[in-house]
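Understanding the architecture of this molecule
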Amino acid sequence: MKRFILAILIFACSIFADNVFFHNHWTLWKDADVLIWSTDKSPALDPKEFCLSLKRNNMGIGEPKCRLAGEWERDSIAVLYAGWLLANMDNNVKPEHLRARHPAMVTRIQSVEDKLVLFIGNRDGEIYAATFDENSAEPVAAGSFSNTGDKIALGDKIAAAFFDGHTTRRLSKAERAKRMTEPDESYKEIPGFQGWAGIAVGYSQAQIPLTPDNWYSSHTRSRVRNYRITKDSASLWNFIEDSDPQMALYAGGTWYGFIGAELMYRYAYHKVKTDNQDTIYQELSYWGFHQHEVGINVVLSRTYTYTKWFKTTPFAFIGFQYSFFVEDIGLKDDKKPHSKAYDVRIKFEDSYKGALVGIGNHFIFFNHYGLGVRAGISSRGRNIEEDPSPEAAAEPTTIGSSTIDCFINLGLEYHFSM
Amino acid sequence: MVRRLHFAICIFLMSILCGCSQSYRWNQSHPSYKKAPEGSIAVTGLDEAFVVTRSSWFAKKLEISKDSIQTFTSNFCSKAFLEELRKAYASVTVIPDAAINHFPEESQKLDSRIFMKGHLPEQGVVVKDSSGNVPPYILIIHEFILGTDLQREDFYDYALIHNEAPEKKTSKNLSAIVSYTLWDNEKQRPLYSAVNQVDQPNVKLSLADITQIVASSVKQIKRNLTAGVQ
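Residues numbered from 1 in each chain as written. Chains lettered and ligands numbered in written order. Predicted model: local features only at pLDDT ≥ 70, side-chain atom pairs only at ≥ 80, totals over all residues.

**Things to note about the overall build of chain A**
Counted only if it meets this: A run of H or I in DSSP becomes a helix once it reaches four residues, and a run of E becomes a strand once it reaches two; helices and strands are each numbered from the N terminus. Partly exposed residues are those whose C-beta has more than 12 but fewer than 20 other C-beta atoms within 10 Å; 20 or more makes a residue buried and 12 or fewer makes it exposed, with C-beta atoms placed from the backbone. Our contact criterion uses C-beta atoms placed from the backbone: two residues qualify when those atoms are within 7 Å.
A count of helical and extended segments in chain A gives nine helices and 17 strands. Counting every position in chain A, which comprises 418 residues, the buried fraction comes to 30%. Contacts spanning at least 24 positions in sequence make up 72% of the contacts within chain A whose residues lie at least 6 apart.

The following block contains the structure:
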């Protein structure tokens, strides 16, 4: 029982004794140069042992070098700040509450370049630690650790608390100088023109997802009797199958990474929905329509770069298209005399004009190779460029004057910029 | 019923409009500010903090020459301030401005656009009073602006401070704006910083009015110091 309680006590101590106040994101350098800064007569950390702790704790840290920050220990302003820091480090403080205010101290911290400064102080028998990098005058991480007098154990604990994670290679003097003259990535000028060309496969259907089925059922359930009779002829989906695969070719480009245009061609084949109960179709071998669509879209997009080799360009497009339906029909035996209804069968308009709108995303790898996904809604209506004939009132309604579908495409793309 | 609905819609729209208007945060407490000073306090900044805007108006009203109005009101307000502070705290130690004036002037951020400037003691350096004692709390008065119809955002919102003063000066109210910091002298940190504004209807300006507005300003500082405890 005693042992059990002791074990629990030790466990509780190990949880509560070490307390990280805050740990912000900071760059941990590979082959890190760590300056151990302490105003105590005998620092609670041994530089050599701490280096070994770093190596044990983080395999990616390479060959770290640790030494005492002698220059900091002798500087009177730094000594004042160290005393202040030790007195003010507490569980409830944020980094800004520990900011160095003296201009000379701020300059000192900001001139550490890519070294890391680890402050260690002993207050009331507890070890307080804080780390600084060159980017600000406040600590990037701070915490308190129980003082057992074991320098190696303390080094391990501090290494695990603050020096964990991904390491970055330090730049050489020459690289650093070059980096200074390089333009900032954030201000990089976007190429004047970014273009792409792609080939895609997709699928289209009349029913737009998340909309009620009964909006479309009158069109999609309709069948063609006697080569031309349907309940309603407003939508082409009364005559032909609506859910079919499609293929698309497209090429376009954006200017200033924002606005652009795209030309596209789409192809699909739709079978006619003949009524199987109608015996007149016994003579029919096949009947369908090749759908060809050409259009132009206005594209609005924005590019987000994640790594050097990967970026995405979400976009929205709106455009218009011309649709052509080319009939493909064949009788079982052409020599036989066919029915009269065959000769007066349904005829679609020469062309339909419509609009399309949608959104998509280009996933671009290594600046050139892309995967494109897009989804949208497209319509086909009557071609209003033709004047209505004088007998318009007597004519039946234009077939397919309101044909709407939605589509989704997945394409392989090639991107280039100028 | 319809009238009630209209009333509700009206209130709703008003609350939206109010929500859109600029609102400032005028004070900042340190997370370790756990106890407001009671009984004893040290104060500094009283020599140079007091400023009078519209000095010729004050000079005319108080019948004091224009040349000496600043010095006169500064001394007068300083005395009134100290007198009122002595009523609020049992023991008040006055530390001359020179004790902290040699430290660099720094700005403290209270809100996204509100910054107050003032001298703060260095980190690691304690401020001692004339007899060599170390007071635990020091009330540092950075600026005390006395004027008519003043708005504190015109002085402390950095987006507004360069605005030209309005052509027509009004004097409906006597206003006092004070920026101050309660300084933890032992740990050298600002425990509570704020900008207060007091307005007092201006009937006929007399020295008694000035004493009164300085007194209400001190009372407000004490109230805020207590309310600011985390």
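What follows continues from the structure just given.
**A short note on the overall build of chain B**
When its secondary structure is counted, chain B shows six helices and nine strands. Here chain B holds 230 residues, and the buried ones make up 29% of them. The contacts in chain B between residues at least 6 apart in sequence include a share of 74% that link residues at least 24 apart.

**Considerations on unusual backbone geometry**
Phi is positive for Phe366(A), which is not a glycine, with a value near 50°. Topologically, Phe366(A) is positioned in the loop between β15 (352–365) and β16 (369–381). Backbone geometry at Asp149(B) places phi at a positive 50°, although glycine is not the residue there. Note that Asp149(B) resides in the loop between β7 (137–148) and α5 (153–156).

**A few points about the interface of chain B and chain A**
Selection criterion: In this classification, the charged set is Asp, Glu, Lys and Arg, the nonpolar set is Ala, Val, Leu, Ile, Met, Phe, Trp, Tyr, Cys and Pro, and all remaining amino acids, among them Gly, are polar.
At the interface, 12 residues of chain B touch 13 residues of chain A. Here the side of chain B that touches chain A is composed, by residue class, of three nonpolar, five polar and four charged.

**What about the packing of helix α2 (residues 47–57) of chain A against helix α6 (residues 151–162) of chain A?**
All names here are of chain A. Definition in use: Here, axes are lines fitted to C-alpha atoms. For helices the fit covers the stretch in contact, and angles between N-to-C directions go from 0 to 180 degrees. With respect to orientation, any angle under 35 degrees is reported as roughly parallel, any angle over 145 as roughly antiparallel, any angle of 65 to 115 as roughly perpendicular, and every other angle as oblique. Two helices crossing with the near one rotated counterclockwise from the far one by less than a right angle form a left-handed crossing, whereas a clockwise rotation gives a right-handed crossing.
As a packed pair, α2 and α6 sit with axes 8 Å apart at the nearest point and diverge in direction by 45°. When the axes of α2 and α6 are compared, the pair comes out oblique. Crossing handedness for the pair α2 and α6: right-handed. Within the contact between the two elements, α2 uses Glu49, Phe50, Ser53, Leu54, Arg56 and Asn57 and α6 uses Lys151, Ile152, Gly155, Asp156, Ala159 and Ala160. Residues that form the contact of α2 with α6 fall into these classes: five nonpolar, three polar and four charged.

**Regarding the sheet that holds strand β1 (residues 19–23) of chain A**
All names here are of chain A. Heads up, the rule is: A pair of strands is considered paired only if DSSP assigns at least 2 bridges between the two.
If you trace the six strands from one edge of the open sheet to the other, you get β1-β7-β6-β5-β3-β4, paired in mixed fashion. In this open sheet, the two strands that pair with only one neighbour each are β1 and β4 (65–68). Sheet twist, expressed as the mean angle between neighbouring strand axes with direction ignored, is 20°. Pairing geometry for β1 and strand β7 (residues 141–146), over four bridges, is antiparallel. From the neighbouring strand, Asn19 faces β7, where its bridge partner is Ser144.

**A few points about the environment of Val201(A)**
All names here are of chain A. Counting through the fold element by element, Val201 comes out in strand β9 (residues 193–205). Given 12 C-beta atoms within a 10 Å radius, Val201 is considered exposed. It is 8.5 Å that separates the C-alpha atoms of Val201 and Ile408, two residues lying 207 residues apart in sequence. When near neighbours in sequence (up to four residues on either side) are disregarded, Val201 contacts Pro245, Met247 and Leu410.

**A short note on the packing of helix α2 (residues 55–62) of chain B against helix α3 (residues 69–88) of chain B**
All names here are of chain B. Here α2 crosses α3 at 75°, and the two axes come no closer than 10 Å. On the basis of the axis angle, α2 is roughly perpendicular to α3. Taken together, the residues of α3 that come into contact with α2 (itself represented by Ser55, Phe58 and Ala59) are Ile69, Gln70 and Thr73. Residue classes in the contact of α2 with α3 are distributed as three nonpolar, three polar and no charged.

**A few points about the pairing of strand β5 (residues 116–123) of chain A**
Two faces make up the sheet, and in a regular strand the side chains alternate between them. Residues and elements named next belong to chain A. Burial runs high along β5: six of the eight residues are buried. Summarising the sheet, strand β3 (residues 33–37) and β5 pair through four bridges and their orientation is parallel. The residue bridging Trp37 from the neighbouring strand is Phe119, located in β5. Of the strand pairs in this sheet, β5 and strand β6 (residues 126–132) are connected by seven bridges, and their pairing is antiparallel. Bridging across to β6, Gly121 finds its partner in Tyr128.

**Quick word on helix α5 (residues 103–110) of chain A**
Residue and element names in this part refer to chain A. Just so we agree on the cut-off: Directions drawn from the helix axis to the C-beta atoms are what define this arc.
Of the residues making up α5, those classed as buried are Met105, Arg108 and Ile109. Seen end-on, α5 carries its buried residues on one side only, within an arc spanning 95°. Across α5 from its buried face, at more than 90 degrees, point the exposed residues Pro103, Ala104 and Thr107.

**Observations regarding the nonpolar core**
Stated formally: As used here, a nonpolar core is made of buried Ala, Val, Leu, Ile, Met, Phe, Trp, Tyr and Cys residues. They are joined through C-beta atoms within 7 Å.
One finds Ile36(A), Leu118(A), Phe119(A) and Ala129(A) to be the most contacted residues of the largest nonpolar core, which totals 47 residues. If sequence neighbours within four positions are ignored, Phe119(A) has contacts with Trp37(A), Ala82(A), Leu85(A), Ala129(A) and Ala130(A). In this structure, Phe50(B), Ile69(B), Ala176(B) and Tyr180(B) belong to the second largest nonpolar core, which totals 44 residues.

**Overview of the environment of Lys187(B)**
By the secondary structure assignment, Lys187(B) is in the loop between β8 (173–184) and β9 (189–201). Assessed through the 17 C-beta atoms surrounding it within 10 Å, Lys187(B) is described here as partly exposed. Along the chain, Lys187(B) and Gly124(B) lie 63 residues apart, while their C-alpha atoms are 7.5 Å from each other. Among residues more than four places away in sequence, those in contact with Lys187(B) are Ala87(A) and Asn88(A).

**Describing the environment of His219(A)**
Residue and element names in this part refer to chain A. The residue His219 is located in helix α8 (residues 217–220) in this model. Spatially, the C-alpha atoms of His219 and Leu236 are 8.1 Å apart, while their sequence positions differ by 17 residues. Once residues lying within four places of it in the same chain are set aside, the contact partners of His219 are Ala206, Ser235, Trp237 and Asn238.

**Brief notes about the confidence of the model for chain B**
Basically, it comes down to this: A residue's pLDDT is the predictor's confidence in that residue, given on a scale from 0 to 100.
In this model, chain B carries a mean pLDDT of 86, and residues with pLDDT of at least 70 account for 89%. Model confidence for the complex is summarised by a pTM of 0.62, with the ipTM given as 0.83.

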